[in-house]
Amino acid sequence: MAAKIALTIAGSDSGGGAGIQADLKAFSANGIYGASVITALTAQNTRGVDAIHDVPPAFIAAQMDSVLSDLDVDAVKIGMLSQVAVIETVAAGLMRHNVSTIVLDPVMVATSGDKLLAESAIAALKAILIPRAFVITPNLHEAAALLDAPVADSEAAMTRQAEALLALGPRAVLVKGGHGTSAEAVDLLLTAEGLTRFVSPRIATRNTHGTGCTLSSAIAAHLALGKPLVEAVRAAKTYVTAAIAAADRLAVGHGHGPTHHFHAWW
């Protein structure tokens, strides 16, 4: 039986906790073969992002064509796309290869607070890529930035922002409440069929680097395995919650350390 395959199109994290590195770990941990297209290189560690080197759009297109012309990719996760030209290139590649199962994580700010998306690229993301997505997975700050609105401070506000984002054209929106202040971490998934609420305990740790990348990749993995969206999100949320709970066991770096992708095996 052929392996199920997921492709990540994202930036590289030299510290290994987020981006391409987190995506490939999450794919493997959730039973999927992972391939990658690198959109940017970062000089990064658990303390922050020191430098970003954008990959030329033509080379991003070449990576996409190489992978998608040979591998039978079941789902695509999209992460850091820092420039308008990169967004346009990725969108064109997805169209060329008729990719439809797309999990779009609108990576805009790193856990350290460093900006990862140029202001000019936000409009391009909304116009070109978000309408093509199967599901988008913004956190509270990303949802607010996409809508040029205040950060949601309640589930009612999260729901309103999810509705506004769904109107941009994706088939589903998952607004993540991990940056909230409530006793529980609540994520809201909105589709044309209705709203689903996912709740997990809020875990006291500063080692949360790469959680957004990891969740979106885990969702892509479970979609590649053929699960319906609600089931894929539930499985991914369970996996990430356990990875955060085990994060302190790793003790990697001196800042916001990574989650423990392989908590079930190490």
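Every value quoted in this text rests on a predicted model; they were computed, and no experiment measured them.

**Student:** Is there a simple way to think about the packing of aromatic side chains in this case?
**Tutor:** Two aromatic rings, taken as a pair, are described by how far apart their centres are and by the angle between their planes. Under the defined criterion, the tally for this structure stands at 2 aromatic pairs. A ring pair is formed by F262 and W265, whose centres lie 6.2 Å apart and whose planes are at 70 degrees; its orientation type is edge-to-face. Residue W265 is classed as exposed on the basis of its relative accessible area, which comes to 55%. Three or more aromatic residues joined by ring pairs make a cluster, and in this case those are F262, W265 and W266.

**Student:** Sorry, what's going on with the environment of A51 here?
**Tutor:** Along the chain, A51 turns up in strand β3 (residues 48-54). Judged by its relative accessible area of 39%, A51 falls in the partly exposed class. C-alpha separation for the pair A51 and L41, spaced 10 residues apart in sequence, amounts to 8.3 Å. The residues touching A51, leaving out its near neighbours within four places in the chain, are L41, T42 and A43.

**Student:** Is there a simple way to explain the pattern of salt bridges in this structure?
**Tutor:** Two side chains of opposite charge can pair, provided their charged atoms sit close to one another. The tally for this structure, following the rule as stated, stands at 5 salt bridges. A salt bridge links D65 to R96; its shortest N-O distance comes to 3.0 Å. Of this pair, D65 sits in helix α2 (residues 57-68) while R96 sits in helix α3 (residues 84-96), placing them 31 residues apart in sequence. Ionic pairing is found between D187 and K237, a salt bridge with its closest N-O pair at 2.9 Å. Of the two residues, D187 is situated in strand β8 (residues 184-191) and K237 in helix α8 (residues 229-245); the sequence distance between them amounts to 50 residues. Overall, K237 belongs to the buried group, its relative accessible area being 11%.

**Student:** Could you clarify how one ought to interpret the packing of helix α7 (residues 211-224) against α8 in this entry?
**Tutor:** Any two packed helices are characterised by how steeply their axes cross, that is the angle between the axes, and by the distance between the axes. Across the interface, α7 lies against α8 with an axial gap of 8 Å and an inter-helix angle of 140 degrees. The orientation of α7 relative to α8 falls into the category oblique. For the crossing formed where α7 meets α8, the hand is right-handed. Residues T211, T214, L215, A218, I219, H222 and L223 of α7 form the contact with α8, whose own contacting residues are L229, A232, V233, A235, A236, K237, Y239, V240 and I244. Residues of the contact of α7 with α8, tallied by class, amount to 12 nonpolar, 3 polar and 1 charged.

Rules used throughout
- One numbering rule holds for all chains: residues counted from 1, following each sequence as written.
- With the structure being a predicted model, the display of local features is reserved for residues of pLDDT at least 70 and the display and counting of side-chain atom pairs for 80 or more, all residues being used for whole-chain, interface and lining totals.
- In computing side-chain values, all of the structure's heavy atoms are included and hydrogens and water are not.
- The criterion for an aromatic pair is that two Phe, Tyr or Trp rings (for Trp, the six-membered ring) have centres within 6.5 Å, with stacked assigned to planes under 30 degrees apart, edge-to-face to planes over 60 apart and tilted to the rest.
- The cut-offs for exposure are 20% and 50% of the maximum accessible area for each residue type, with area from a 1.4 Å probe on protein chains only; residues under the lower value are buried, those over the upper are exposed, and the others partly exposed.
- Strands are runs of DSSP state E lasting at least 2 residues, helices are runs of H or I lasting at least 4, and numbering of each runs from the N terminus.
- The criterion used for residue contact is that any of the two residues' heavy atoms lie within 4.5 Å.
- Whenever a carboxyl oxygen of Asp or Glu lies within 4 Å of a side-chain nitrogen of Lys or Arg, that contact is scored as a salt bridge.
- Only C-alpha atoms enter the line fits that serve as axes; for helices the fit covers just the stretch in contact. Angles between N-to-C directions range over 0 to 180 degrees.
- Relative orientations are named as follows: roughly parallel for angles under 35 degrees, roughly antiparallel for angles over 145 degrees, roughly perpendicular for angles from 65 to 115 degrees, and oblique for any other angle.
- Crossing handedness is defined as follows: a turn of the near helix away from the far one that is anticlockwise and smaller than a right angle gives a left-handed crossing, while the clockwise case is right-handed.
- Lys, Arg, Asp and Glu make up the charged group, whereas Ala, Val, Leu, Ile, Met, Phe, Trp, Tyr, Cys and Pro make up the nonpolar group; the residues left over, Gly among them, are polar.

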